[in-house]
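The residues making up each chain are set out below.
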Amino acid sequence: MALKCGIVGLPNVGKSTLFNCLSSAKAQAANFPFCTIEPNVGTIIVPDERLNKLQELCHPGRGVIPTTIEIVDIAGLVKGASNGEGLGNKFLANIRETDAIIHVLRCFDDDNITHVDGSIDPLRDKEIIDTELQLKDLETIDSRITKTEKQAKAGGDKTAKIALDLLNRYKDALSQGKSARTVALDNKEEMAIAKEFFLLTNKPILYVCNVDENSAVNGNKYVERVREAIKDEQAEIIIVAAKIESEIAELETAEERQLFLQEIGLQESGLNRLIHSAYHLLNLRTFLTAGSDEVRAWTFKAGSKAPQCAGVIHTDFERGFIRAEVIKYDDFVSLGSESACRTAGKIHIEGKEYEVQDGDIMHFLFNV
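Conventions used here
Residues numbered from 1 in each chain as written. Predicted model: local features only at pLDDT ≥ 70, side-chain atom pairs only at ≥ 80, totals over all residues. Heavy atoms only, no water. Helix = DSSP H or I, 4+ residues; strand = E, 2+ residues; numbered from the N terminus. Buried < 20%, exposed > 50% of the residue type's maximum accessible area, 1.4 Å probe, protein only. Contact = heavy atoms within 4.5 Å. Areas by Shrake-Rupley, 256 points an atom, 1.4 Å probe, with all protein chains shown as cover. 1 Å grid on protein atoms, 1.4 Å probe; cavity = no way out; pocket = protein on both sides within 12 Å on 5 of 7 lines; lining within 4 Å. Points joined across faces, edges and corners; volume = space filled by probe spheres on them. Nonpolar A, V, L, I, M, F, W, Y, C, P; charged D, E, K, R; others polar. Arc of directions from axis to C-beta. Phe/Tyr/Trp six-rings, centres within 6.5 Å; stacked < 30°, edge-to-face > 60°. Lys NZ or Arg CZ within 6 Å of the ring centre and 35° of its normal. Axes fitted to C-alpha atoms, helices over the stretch in contact; angles between N-to-C directions. Parallel < 35°, antiparallel > 145°, perpendicular 65-115°, else oblique. Left-handed = near helix turned anticlockwise from the far one by under 90°.

1. Concerning the overall build of the protein
- When helices and strands are counted, the protein shows 14 helices and 12 strands.
- Taking all 368 residues of the protein together, the buried fraction comes to 48%.
- Contacts spanning at least 24 positions in sequence make up 69% of the contacts within the protein whose residues lie at least 6 apart.
- For the protein, the accessible area works out to roughly 18100 Å², and carbon and sulfur atoms hold 48% of it.

The following block contains the structure:
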């Protein structure tokens, strides 16, 4: 399951600059609103040192296949975007099916880069974007309610009745200026139905505070205001100096990039920290497959059982699941091969109730 995130924010907050240094694509970055017209889509390779070690041990013929994150960068939103201001309605539709939203907030002063509202205030900016996303969700809810009411009345459809109740609860929250994610869901059935609504404010959110170079390590007054404002949101927040990150991304070698980071007092790049935060936000983990053909990383939800993880590879694997052979990563590395692990009794045979752990090296047996 490749993770997909959408980037939102006002114009000129550093969204496209961040996108450029996150992905291999190069979005246009300029000092005027609506520079980005069509959505830019880029792919981030998720770094995982475990893959490199397994490659050394397995010498896979097809090499290493890491997991990825797809990033969708839309044009900067403005007040009225939900009603089409600045073509915002079209832009918002481009991120409906993402797994999470990355909200970029400008937390730096620079007289050379204009702000659409004339001053730097990340909390005001956040409120503008929150409101536009909520209004867009209200539009979605209203159109859904009309259709679902007919289904619930006409055929006595139980699922439609549950959906209608949920839609009305969402409408109440959104009408009060609250995001859809504040609505408590009672059971798995409601969770499954809610997912089909694709509400923007129901998505987990990661706030990226875009700062100047001097604030890259410890943040600044703007970051502290954002941190205080979102403390009850169950959101993630990271500090990134997008301009510096773009310079780092231009360096050719990993050694040069690491040296640059150390010089400004950072242990790892904003890219890596964003990936870690996104995985933590969405409660994601990674299992591995390793052999002479390929070494590969696979993303799964924490708490998933072996059959569900088998299904990440192929639906037939889950449907016909028999058992899983599991090797702990540390055992594989210390012993050097699958055969050595087998000889040492370090391959565990697990059934349908096994809860897969991060870093497990999996081999699934199935029959369909």
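2. Remarks on the layout of surface pockets
- Estimates place the volume of the largest pocket at around 1400 Å³.
- Lining of the largest pocket is provided by 40 residues; of these, Asn202, Lys203, Pro204, Leu282 and Lys301 occupy positions nearest its centre.
- Every element with two or more residues in the lining of the largest pocket is listed here: helix 4 (122-154), helix 6 (188-195) and strand 6 (205-210).
- The residue inventory of the lining of the largest pocket, partitioned by class, reads 19 nonpolar, 10 polar and 11 charged.
- The calculated volume of the second largest pocket comes to roughly 1000 Å³.
- Along its surface, the second largest pocket is lined by 37 residues, and Ile45, Val46, Pro47, Leu271 and Asn272 are the ones closest to its centre.

3. Observations concerning helix 6
- Glu190, Ile193 and Ala194 are the residues of helix 6 that are buried. One side of helix 6 holds all its buried residues, which, seen down the axis, span an arc of 100°. Helix 6 presents Lys188 and Lys195 as exposed residues on the side facing more than 90 degrees away from its buried surface.
- Buried residues in helix 6 make contact with helix 5 (158-175).

4. Some points on the packing of aromatic side chains
- One pass over the full model with this rule turns up six aromatic pairs.
- Ring geometry for Phe287 against Phe364: centres 5.9 Å apart, planes inclined by 85°, an arrangement best described as edge-to-face. Of the two residues, Phe287 is situated in strand 8 (residues 284-290) and Phe364 in strand 12 (residues 361-366); the sequence distance between them amounts to 77 residues. Taken individually, Phe287 and Phe364 each receive the classification buried, so the pair is uniform in this respect.
- Three or more aromatic residues joined by ring pairs make a cluster, and in this case those are Phe287, Trp298, Phe300, Phe321 and Phe364.
- Between the NZ or CZ atom of Arg106 and the centre of the ring of Phe108, over which it lies, the distance is 4.4 Å.

5. Structural notes on the packing of helix 8 (residues 242-250) against helix 9 (residues 254-263)
- Where helix 8 contacts helix 9, the axes come no closer than 8 Å and their chain directions differ by 150°. It follows from the interaxial angle that helix 8 and helix 9 lie roughly antiparallel. Here the hand of the crossing between helix 8 and helix 9 comes out right-handed. Each of Ile244, Glu247 and Ile248 in helix 8 lies in contact with helix 9, whose residues at this interface are Arg257, Phe260 and Leu261.
- Partitioning the contact of helix 8 with helix 9 into residue classes produces four nonpolar, no polar and two charged.

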